[in-house]
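# Structural features, examined
Residue strings, one per chain:
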Amino acid sequence: MQRIVAATQRYARVAHPVFNTYARASPAQCRRRSTEAQSVPYTPLTEDQLAVIRATAPVVAENALAITKTFYPTMFSNNPETLAFFNPTNQREGSQPEALAASIIAYATNIDSVDAFARSKAVELIATKHVALLVKPEHYGIVGSNLMKAIGAVLGDAVTAEVADAWGAAYQQLADILIDVENKMYVETAALPGGWTGTRDFQVVKKTHEAEDTTSIHLAPVDKAQFAAAKPGQYITIHFGELNGKLTAPRHYTLCNSPGDDTYRIVVRKKDLGVVSTYLNDVTKEGDVLSIAPPAGVMTLDNDDASKNAVFIGGGIGVTTLLPMAKQAHANGQKVGWVTSHVQGKQVLDNEVPADVAYNKTFITPNGDSHLLDVSRDILESIPFAKENTKFYICGPWKMISDVVTKLRDHGVASADICYEIYGPAKSA
């Protein structure tokens, strides 16, 4: 264990000069300084360290899930303040450790092509979530220390001094990449018209019942100043600090806005054992104030593809991500397909889709099996114009996403034309 601690101390660097320049800057300062920002390059691994990572990557991959399942309890015990960053449902269901294990494996697999990995969608997705959660450079030191301890606890004597050194350096390299990407995101977000850093107070100005256990909440800035317009598909993050006397992780909620709206609008479905969703549905009232981080999100409508048809496939509350994208695609003049599945009594937002979209079909299921299985079996045959020059956007339960993406690929749809988002830790279909 001593060798693990030594490696952790050696590589747990947290200073990041570019980030520190902007951490407390006003939006105006960020706009002025954004052109001055320079990347802080990551420290490349030595050839000896790379050789060790290559040699030990299979062992780490084989034990990755055991490592991450050890890591989270270790970190929460040593640094309980980090509980405020992690949704307990994802911990309870195991999706958070699974996602981290997959990320570790992906990083180790790409250790010889780090430059490409640093520009990948995977890094963009991780960094986007981190920025929404207001992750700071010093948090990487906490994660690194506890992750190295978890590796030592799981692999035991297999972690020699050389192995600890190499994996400690590899972690720091990844931390440097993410800190740099996240800093640029903070700067760019603050520089937008109406943009800001950190959180901003918004007041609940309207609540509307949408369906069983589902409520629309409209939010306007307390300071009544301009607020950043969201791209269709983006979400905001509500930061609570504490609810019911306990640290509560921030929650992401998709913005269901139309262009030109004078409020942010989120649609929240109450989940079983969902502390935050229950609070927002049952307790929050008009006049209450919530702390909001700026809009963020990777799956947005790609204006470069405005000449393509756009098919939106949603399950349950996943339609909240797709609705503003479908509206924008329709406004762009694109041929739009809208296909959704809902549990009986919980249908939401389908009535807000433009009436003259090219294809519109809704499936109502009598139970919770909202997977769109009927659609995934013959999706291309169901939508007449979907076989060519079409981009697909999918959001809903993971089983549904996996089924639909597999069927699209089986029919020859290019991966570049398939976009999907899952609520919770990332997975790959």
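Numbers given to residues run from 1 along each chain, matching the order in which its sequence is written. Totals for whole chains, interfaces and linings use every residue, but because this is a predicted model, local features are given only for residues with pLDDT of at least 70 and side-chain atom pairs only at 80 or more, for both listing and counting. To get the side-chain values, take all heavy atoms of the structure and skip hydrogens and water.

### Some remarks on the packing of helix α9 (residues 121-132) against helix α11 (residues 161-191)
The axes of two packed helices give the description: the angle between them and the distance between them. In plain terms, the rule: Each axis is a line fitted through C-alpha atoms, and for a helix only the stretch in contact is used; angles between axes span 0 to 180 degrees, taken between their N-to-C directions. Secondary structure elements are taken from DSSP: a helix is a run of H or I of four residues or more, a strand is a run of E of two residues or more, and numbering for both begins at the N terminus. Angle categories are assigned with fixed cut-offs, so that under 35 degrees is roughly parallel, over 145 is roughly antiparallel, 65 to 115 is roughly perpendicular, and the rest are oblique. Helix crossings fall into two classes, left-handed where the near helix is turned counterclockwise from the far one by less than a right angle and right-handed where it is turned clockwise. Contacts: residue pairs with any heavy atoms within 4.5 Å of one another. Amino acids outside the nonpolar list (Ala, Val, Leu, Ile, Met, Phe, Trp, Tyr, Cys, Pro) and the charged list (Asp, Glu, Lys, Arg) are all regarded as polar, and Gly is one of them.
Between α9 and α11, whose axes approach to 9 Å, the crossing angle comes to 60°. Considering the angle they form, α9 stands oblique to α11. When you trace α9 past α11, the crossing you get is right-handed. In this structure, α9 uses V123, E124, I126, A127, T128, H130 and V131 to contact α11, whose residues at the interface are I177, L178, V181, E182, M185 and Y186. Taken together, the residues of the contact of α9 with α11 break down into 9 nonpolar, 2 polar and 2 charged.

### So, the nonpolar core
Going by this rule: To define a nonpolar core, start from buried Ala, Val, Leu, Ile, Met, Phe, Trp, Tyr and Cys residues and group those joined through side-chain atoms within 4.5 Å. Per-residue accessibility, obtained with a 1.4 Å probe over protein chains only, is compared with the maximum for each type, and a residue is labelled buried under 20%, exposed over 50%, and partly exposed between these values.
L45, I53, I111, Y140, L147, I151 and W167 are the most contacted members of the largest nonpolar core, which totals 47 residues. Put simply, the parts of the chain that give this core at least two residues each are α4 (47-62), α5 (64-78), α7 (95-109), α8 (114-118), α9, α10 (137-155) and α11. Here the element with the most residues in this core is α11; it accounts for 14 residues. The residues contacting I111, other than those within four sequence positions of it, are L45, L50, I53 and Q173. Ranked by size, the runner-up nonpolar core spans 22 residues in total, among them M299, F312, V319 and V353.

### What to know about the environment of N78
Checked against the element boundaries, N78 lands in helix α5. Looking at N78, the relative accessible area reads 41%, which means it is partly exposed. The spatial distance from the C-alpha of N78 to the C-alpha of S145 is 9.9 Å, given a sequence separation of 67 residues. Excluding its chain neighbours within four sequence positions, the residues that come into contact with N78 are N146 and K149.

In short, geometric facts, not functional conclusions.
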